[in-house]
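# Structural features, examined
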Amino acid sequence: MSSELVARLRSEVAGGLARSTNADLDAAARRDLAQRLLATKFEELARHQLTVGQVPMRSDEEDGIARAVLDALFGLGRLQQFIDDPDVENIDVNGADQVWVTYFDGTKEMVGPAAGSDNELVETIRGAASRFGLSERRFDTAHPELDLRLPDGSRLSALMEVSARPALSIRRHRFVDLSLGDLVDMGLCNEGLASLLGAAVKARKNVVVAGSMNAGKTTLVRALASEIPPEERIVTIEQAFELALDTMPERHRDIVALEAREANAEGEGEITMARLVRRALRMNAERVIVGEVLGAEVIPMLNAMSQGRSGSMCTIHADSSAGVFRRIASYAVQAPERLPLEATNLLVAGSIHLVVFLDLAAPSPAPGALAHPAARTRVISSVREVVDAEGIQVVSNEVFRPGPDRRAQPAAPLRTRTLEELTSHGYRFVGRQMEGACW
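Rules and cut-offs
- Along each chain, the written sequence defines residue order, and numbers are assigned to residues from 1.
- Two thresholds apply to this predicted model, a pLDDT of at least 70 for residue-level local features and 80 or more for giving and counting side-chain atom pairs, whereas whole-chain, interface and lining totals are computed over all residues.
- The basis for every side-chain value is the complete set of heavy atoms in the structure, and neither hydrogens nor water enter the calculation.
- Put simply, DSSP marks the helices as runs of H or I at least four residues long and the strands as runs of E at least two long, and each gets a number from the N terminus on.
- Each residue after the first adds 1.5 Å to the expected span of a helix.
- The buried label applies to any residue whose accessible area, calculated with a 1.4 Å probe on protein chains only, is under 20% of its type's maximum; exposed applies above 50%, and partly exposed to all values in between.
- We call two residues in contact whenever any of their non-hydrogen atoms come within 4.5 Å of each other.
- What makes a nonpolar core is a set of buried Ala, Val, Leu, Ile, Met, Phe, Trp, Tyr and Cys residues whose side-chain atoms join them at distances within 4.5 Å.
- Salt bridges are counted wherever a side-chain nitrogen of Lys or Arg sits within 4 Å of a carboxyl oxygen of Asp or Glu.
- For two strands to count as paired, DSSP must find a minimum of two bridges between them.
- Only the contacting stretch of a helix is used when fitting its axis, a line to C-alpha atoms as for every element, and angles between N-to-C directions run 0 to 180 degrees.

### Quick word on helix α2 (residues 27–51)
Between its first and last C-alpha atoms α2 spans 36 Å; for 25 residues at 1.5 Å apiece the expected length is 36 Å, and the two agree. For α2, the full list of buried residues reads Leu33, Ala34, Leu38, Phe42, Leu45, Ala46 and Gln49. Each element contacted by the buried residues of α2 is listed here: α1 (3–18) and α3 (59–74). Looking one or two places after α2, you find Gly53, whose phi comes out positive at around 85°.

### Let's talk about the nonpolar core
Across soluble globular proteins, nonpolar side chains have a tendency to be buried as a group. Leu220, Leu224, Ile289 and Ile380 are the most contacted members of the largest nonpolar core, which has 40 residues in total. Apart from the residues within four sequence positions on either side, Ile289 is in contact with Val221, Ala225, Ile228, Ile234, Val235, Thr236, Ile237, Leu243, Leu245 and Met313. Counting 37 residues, the second largest nonpolar core, distinct from the first, contains Val208, Met283, Ile328 and Leu347.

### Quick look at the pattern of salt bridges
Tallied over the entire structure, the rule returns 27 salt bridges. For Arg172, the salt bridge identified is with Asp152, shortest N-O distance 3.8 Å. Taken together, the residues Arg172 in the loop between β6 (167–171) and α6 (180–186) and Asp152 in the loop between β4 (145–149) and β5 (155–159) connect sequence positions 20 residues apart. Under the relative-accessibility criterion, Arg172 is labelled buried at 10%. For Asp152, a relative accessible area of 36% translates into the label partly exposed. A network of salt bridges, in which partner residues are shared, links Arg8, Glu12 and Lys41.

### Considering the side chain of Gln49
Tracing the backbone through its elements, the reader meets Gln49 in helix α2. Taking relative accessible area as the criterion, Gln49 reaches 10% and is therefore assigned buried. Among all residues touching Gln49, those that are not within four sequence positions of it are Gln54, Val55, Pro56 and Met57.

### A look at the sheet that holds strand β1 (residues 88–94)
Strand order in the open sheet formed by six strands is β3-β2-β1-β6-β5-β4, and the pairing between neighbours is antiparallel. Taken across any chain shown, the strands that pair with only one partner, and hence form the sheet edges, are β3 (108–111) and β4. Neighbour to neighbour, the strand axes of the sheet diverge by 15° on average, direction disregarded. Where β1 and β6 come together, five bridges link them in antiparallel fashion. Of the residues in β6, the one forming a bridge with Ile91 is Ile170. Contacts from helix α5 (residues 118–131) reach β1, β4, β5 and β6, with the element oriented near 50° to β4.

Following this line, the structure appears as structure tokens:
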């Protein structure tokens, strides 16, 4: 495939789109117009080739060039083929010619270049920043960071200037519309644990989902949200759209998705997540879901949970379920409120009911089969019930703790009051042992 031909056709088609008399075309209509313009260009090229005695391109060659042009205009150029591959989980780019792709089975390989040069890669990212999201985002020397949700729901994170070469990471979300039952089928939890979590959502317990990067936190929140009655009003708050709950009207009929916004070129117009959390309290939200707690928004989020917005959720990075409390405390002391540890712990005890921790475990291969050495599966490994706060400690019971294979196993019993409440909302158990709780 000729990169020069792709570049020329891209420029000509982009010019045709710019000259279109209908400026109100949506994305699908613009893509359709681009395809028609491309078909015309290929006809002109074929006539020229016949005139000069050349053999016209085969149909498969035209298809490849057309895809490259459309991917450059409407997608992420050469990376789009991997975004469209259902088996790809992560795409990491360390400069235009170093691209690593990680698949869902854990395997990883180096693939072809993402662009012809680092400058071309930066232009590709800038193009995505101008087309995707609620508003155009900058990616330049003054704004060397970019977080963006792509049309398929993937999360893009990019850097320039602060790294030797432009760097890009794309996290694809394979599962968007799913339930707790789907998580059982995927091996992330068993029926007993799914029953507990489902009852917790219905009982309007505030839940913090924690884990390391790529542990499946967003996937779990989506599944938990499927237990929310469809008529309840939900407000989601994210740094960059990722949850995509607003794309499922059959599950969530009354929902508002909010996205933080960076300052403009004049340094004005920034809307922080902390500000959006406070705004959510004025929007009649019955539940507030914070996609990922990253800093100062932790205080208004905890206040929201403790001021009548029960049944809310958030995700947070942590190395263990107990480590969640340390992470929250570290964010709180750095927030403008500068909350001391004792005050933060009191706020945690009055707002959070359950902490659910995700981990990575080795898969359980079929009898006689061997698991791939790089393979791993996401599992719920720990669940804590927050009980109280005593000075510098948050008192909690680990009702499920990691077993030898990192999968959750029953540990301390739930408090009687909590057990009764969850049971009234559908939690199944037998005597002192939870039904289906053992793996």
